[in-house]
Amino acid sequence: MRVSSTPVLLHRLKSSFLKSVGRDVVKPTYSIVTPGRVSPARLVPDHIVKPSYAMTGELPERLLEPEIKTASEISGLRTSCRLAGKILNTVGKSIKVGMTTDAIDGIVHEECIKNNAYPSPLTYKGFPKSVCTSVNNVACHGIPDDRPLENGDIVNVDVSVYLCGYHGDTSETFAVGKVDKAGQQLLRVGRECLAIGIDVCRPGARFCDIGIAISEHAHAAGFTVIPQIIGHGIGTYFHGPPDIFHVDYITKETEEVMRPGMTFTIEPVICEGSERYKVLADGWTLVTLDNSRSCQFEHTVLITDTGVNILTKYIANNEET
Ligand SMILES: [Co+2]
């Protein structure tokens, strides 16, 4: 749920990234998606503890520095992240041809309420639904609507929950029915990019090392990365420092090093065509300019004393803990 507006980034990346867009986009074997009808926001019962923006519309003041969390803060965050991972797993198992993205919204919403959590996207900066669903040429922040999923679609479901006073954030792009070879390859590389980005995390590593590793892998496979879609620090706030870039972007800030107790998301958007995009009139839906497909995978991670922990990882036999 975060797009960087750093103008300097746009400027610096322009030349190097446009060069990498060499591949022709072949005739699509998938549907190009346009927004459908959005149902009313789902209701949250009174007993669910809500983040401040859901009550007042105001976001908490942004921290200036990445936060080092205490053991008890980490334990709260771990609980919400575990639930986000569990809900994403439940959604993934239910996805099938003919299901609308509004139905996905319904599942995520109900799972949140059942587990005493608030669906973080709902009312965040005015977002109208409980989850983001982004299909095919929609790169991120898609609004669930009445369009039924088609055989061959790819759909990203971005689940964020607010539980125990903490936000947990994770997403995955799922194949619907039989996806063509190019789409399968895109999903594989997208998944690998997240894993590679997580792999470089440890105390002492620079934040920019994440983007360097991810973009190198994506480019080697012939794909691009949307520079402005960035990961973020997370805690009692949905989005905070540090900004996590998924491209090769070196500044004083991105050269800062990771320290134990820091928690943030990694969530690269990988495209099969150009990384250029536009935001539709609804103010949210971000689509690729050339209508090519993109995928996104996301985890919330914790820097530990010795490495990194994936807080939103789904662990099957740990379901009820
Ligand atoms: Co996120």
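This structure is a prediction, so every number in the text was calculated from the model and none was measured.

Analysis parameters
- Residues numbered from 1 in each chain as written.
- Predicted model: local features only at pLDDT ≥ 70, side-chain atom pairs only at ≥ 80, totals over all residues.
- Pairing = 2+ DSSP bridges.
- Helix = DSSP H or I, 4+ residues; strand = E, 2+ residues; numbered from the N terminus.
- UniProt positions renumbered as here; feature names shortened; annotations may be inferred.
- Buried ≥ 20, exposed ≤ 12 C-beta atoms within 10 Å, placed from the backbone.
- Contact = placed C-beta atoms within 7 Å.
- Axes fitted to C-alpha atoms, helices over the stretch in contact; angles between N-to-C directions.
- Left-handed = near helix turned anticlockwise from the far one by under 90°.
- Nonpolar A, V, L, I, M, F, W, Y, C, P; charged D, E, K, R; others polar.
- Expected span 1.5 Å × (residues − 1).

**As for the sheet that holds strand S6 (residues 224-225)**
Taking strand neighbours across the sheet as the criterion, the 3 strands line up as S6-S10-S13 in an open arrangement whose pairing is antiparallel. Edge positions in the sheet fall to S6 and strand S13 (294-296), since each of these pairs with one other strand and no more. By the bridge criterion, 3 bridges tie strand S10 (residues 269-271) to S13 in an arrangement that is antiparallel. Bridged to Val269 within S13 is Gln296.

**Notes on the UniProt feature "binding site: a divalent metal cation 2" (unreviewed entry) in the protein**
In the numbering used here, UniProt assigns the "binding site: a divalent metal cation 2" (unreviewed entry) feature to Asp169, His232, Glu267 and Glu298. Separation in sequence by 130 residues is not matched in space for these annotated residues, since their most distant C-alpha atoms are only 10.9 Å apart. Structurally, Glu267 is set in the loop between strand S9 (263-266) and S10. C-beta crowding within 10 Å serves as the criterion here: with 26 such atoms nearby, Glu267 is assigned to the buried category. Those residues in contact with Glu267, other than ones at most four positions away along the chain, are Ser171, Gly231, Gln296 and Glu298. Assignment of secondary structure puts Glu298 in the loop between S13 and strand S14 (299-303). Looking at Glu298, the number of C-beta atoms within 10 Å reads 24, which means it is buried.

**Some thoughts on the packing of helix H3 (residues 71-94) against helix H4 (residues 101-114)**
Where H3 contacts H4, the axes come no closer than 10 Å and their chain directions differ by 145 degrees. The chirality of how H3 crosses H4 is right-handed. Between H3, through Ile87, Thr90, Val91 and Ser94, and H4, the contact on the second element is made entirely by Ile104, Ile107, Val108, Glu111 and Cys112. Here the contact of H3 with H4 is built from residues that sort into 6 nonpolar, 2 polar and 1 charged.

**A few points about the pairing of strand S4 (residues 154-163)**
Burial analysis of S4 places 10 of its 10 residues in the buried class, which makes it a mostly covered element. Because side chains alternate across S4, one face comprises the buried residues Ile154, Asn156, Asp158, Ser160 and Tyr162, and the other comprises Val155, Val157, Val159, Val161 and Leu163, equally buried. Relative to S4, strand S1 (residues 118-119) is paired through 2 bridges, and the arrangement is antiparallel. Residue pairing in the sheet places Pro119 in a bridge with Val161 of S4. Bridging between strand S2 (residues 132-135) and S4 involves 4 bridges; their strand directions are antiparallel. Looking at the pairing, Thr133 lines up with Val157 of S4. The sheet contact formed by S4 and strand S5 (residues 166-175) spans 10 bridges and is antiparallel. Residue pairing in the sheet places Val157 in a bridge with Glu172 of S5. Hairpin connection from S4 to S5: 2 residues lie between these consecutive antiparallel strands, with Cys164 at a positive phi of about 55 degrees.

**Regarding helix H6 (residues 208-220)**
Counted at 1.5 Å a residue, the expected span for H6 with its 13 residues is 18 Å, and the 18 Å between its end C-alpha atoms agrees. Along H6, the residues classified as buried are Cys208, Asp209, Ile210, Gly211, Ala213, Ile214, Ser215 and Ala218. Elements in contact with the buried residues of H6: helix H5 (181-199), S6, strand S8 (240-244), S9 and S10. Backbone geometry just after H6 places Gly222 at a positive phi near 90 degrees.

**With respect to the sheet that holds strand S3 (residues 138-140)**
An order of S3-S12-S11 is seen for the 3 strands of this open sheet, with the pairing classed as antiparallel. Taken across any chain shown, the strands that pair with only one partner, and hence form the sheet edges, are S3 and strand S11 (277-279). With strand direction ignored, the average angle separating the axes of adjacent strands in the sheet is 40 degrees. The pairing of S11 with strand S12 (residues 286-288) spans 3 bridges and is antiparallel. Its bridge partner lying in S12, Val279 is registered against Leu286.

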